[in-house]
Amino acid sequence: MVKREINPWTWQDERSYVQAVEVKNVEGTLYVAGQAAVHPDGRSSTADMRSQLSLAIENLETVIGEAGYACGNIVRLTVYSTSSDEFMDSCFDLLQAFMARHGVKSAITLMQVVALFETLNVELEATVVK
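Computed from a predicted model, the values in this text were never measured in an experiment.

A. Inspection of the packing of helix α1 (residues 49-66) against helix α3 (residues 92-102) at higher detail. In the contact formed by α1 and α3, the axes pass within 10 Å of each other and the chain directions differ by 25 degrees. Overall, the two elements α1 and α3 adopt an arrangement that is roughly parallel. Our pair here, α1 against α3, has a crossing hand that is right-handed. Listed contacts from α3 to Arg 50, Leu 53, Ser 54, Ile 57, Leu 60 and Glu 61 of α1 are Asp 93, Leu 94, Leu 95, Phe 98, Arg 101 and His 102. Considered class by class, the residues forming the contact of α1 with α3 number six nonpolar, two polar and four charged.

Right, here's the structure in full:
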């Protein structure tokens, strides 16, 4: 696989993402459904958004690893949140730490939504290549 980042500017660097990612010679593509703060027994978390993001990241790492892919090869990440302001104010550092830990350089979109399933406040959807 060959991966190329496209960044016409530098301001996105401090936000831990890239404007576009080109991928060639891919062996496989994994489309990961939204991963949220759902416990192994299927219960949705009732915790605050920051705690929910932490569990959602763990779940994302688990699914990607079980599929035989690497988090560092996430090329597209969509973050769904019930409050973009709360996410940026209290959770963005967790997302940045996750990305730094795995060396993720991906295209990211943050979307505020009216609601997520049950008591959930944040969900992560990813595309991963190898």
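B. Seen up close, the side chain of Ser 84. Within the secondary structure, Ser 84 sits in helix α2 (residues 84-90). In contact with Ser 84, not counting residues within four places along its chain, are Leu 110, Met 111 and Gln 112.

The rules we used
Residues numbered from 1 in each chain as written. Predicted model: local features only at pLDDT ≥ 70, side-chain atom pairs only at ≥ 80, totals over all residues. Heavy atoms only, no water. Axes fitted to C-alpha atoms, helices over the stretch in contact; angles between N-to-C directions. Helix = DSSP H or I, 4+ residues; strand = E, 2+ residues; numbered from the N terminus. Parallel < 35°, antiparallel > 145°, perpendicular 65-115°, else oblique. Left-handed = near helix turned anticlockwise from the far one by under 90°. Contact = heavy atoms within 4.5 Å. Nonpolar A, V, L, I, M, F, W, Y, C, P; charged D, E, K, R; others polar.

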